[in-house]
Amino acid sequence: MLLGPPLVFLLLFLVLPLLLMAALSFRTDLSGQLLAPFAPTFKQYAQFVDTPNFLRLLLTSTALAAIVGFAATLLAYPLAYFLRFKAGNRATMYLLLLLLPFWTSYLLRVVSWRLMLGENGIINSVLVGAGIIAEPIDALLYNRAAVVVTLGYVWIPFAALPILAALQRVDPALHEAAADLYAPPMAGFRRVTLPLSMPGVIVAFFMVFIPTVGEYVTPALVGGTAGTMYGNIISDFFTRAANWPFGSALSMIMLVVTLIFSAVALKLINVRRFVQL
């Protein structure tokens, strides 16, 4: 009875839309009703294979998502470590401050980076005012580097939460035991804290990586044409081109590639070894 409502919710709003999108990807076009019978075809997937730029953009977006996931996890770990072992009674207040940006619209947070990275933005204004540069730098915005920086900023608080949850299970007495065995602080961290927190680190990485592969809002706002990602192509086929079958095919290919990458990465990382620790 407890599993029934969430199971029904997942079936209706996750599994069923995926099945509909998968079925739509085998249609030739959208002539007739959406759920009308049709003859399945691989035309959309053949078009993807015949256009190498789509695969190249998908691989580029996957690489960028991996970079964002790695950077966000790396930067989020010190925050989670501080909240767990150094913040003391103020941990709740600091955690609230960490989550404070979520109270602001996602679009506003992304657009704020346009104000910071633009030619007349804060960064260029400070550099010009300090005499470090003579003219504003126009290479800070509308490229993939700006997309990585913005996405990293957006996802750091998310990445800190699973790491913090993993660190909450680490008994501080283990640090005392490591010190009693003459382990320096860094050795204690490397041999005790880091292995025990690795499940949270892995979860944080994939929690950032998976949705970032299909990101399209941030690249559209701060990436421009030079920072286009795979999600922008999918969005264009669903909106501007009104080619839902091909957009569905692109989406399903992205889903399969993401699942394969995640499965291979988890196989290589061997999560069970860290859990057993």
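Residues numbered from 1 in each chain as written. Predicted model: local features only at pLDDT ≥ 70, side-chain atom pairs only at ≥ 80, totals over all residues. Heavy atoms only, no water.

Q: Even after reading the chapter, I still don't get the overall build of the chain, so can you show me in this structure?
A: Per the secondary structure count, the chain includes 13 helices and zero strands. Starting at the N terminus, the α and β elements of the chain follow one another as α-α-α-α-α-α-α-α-α-α-α-α-α. Projecting the C-alpha coordinates of the chain onto the three principal axes gives extents of approximately 75 × 65 × 35 Å. Counting all 277 residues of the chain, 36% fall into the buried class. (Helix = DSSP H or I, 4+ residues; strand = E, 2+ residues; numbered from the N terminus. Buried < 20%, exposed > 50% of the residue type's maximum accessible area, 1.4 Å probe, protein only.)

Q: What's the story with the nonpolar core in this structure? I'm lost.
A: Ranked by size, the top nonpolar core spans 54 residues in total, and within it F48, F54, I163, Y230 and L250 carry the most contacts. Looking at this core, the elements with two or more residues in it are α2 (43-50), α3 (52-86), α5 (106-117), α7 (144-168), α9 (185-213), α10 (217-223), α11 (230-238) and α12 (244-269). Of the residues forming this core, the biggest block, twelve residues, is contributed by α7. Beyond its immediate stretch of four places on either side in the chain, Y230 contacts F48, F54, L57, L58, S61, V213, L250, I253 and M254. (Core = buried A, V, L, I, M, F, W, Y, C linked by side-chain atoms within 4.5 Å. Contact = heavy atoms within 4.5 Å.)

Q: Would you mind showing me how to read the confidence of the model for the chain here?
A: Segments scoring low in pLDDT should not have their predicted coordinates read at a detailed level. Averaged over all residues, the pLDDT of the chain equals 89, while 97% of them reach at least 70. Here helix α13 (residues 271-276) is the element of the chain with the lowest mean pLDDT, 52, and α3 is the one with the highest, 95. (pLDDT = per-residue confidence, 0-100.)

Q: What is the right way to look at α11 in this model?
A: Of the residues making up α11, those classed as buried are Y230, G231, N232, I233, I234 and F237. Packing partners of the buried residues in α11 comprise α2, α3, α9, α10 and α12.

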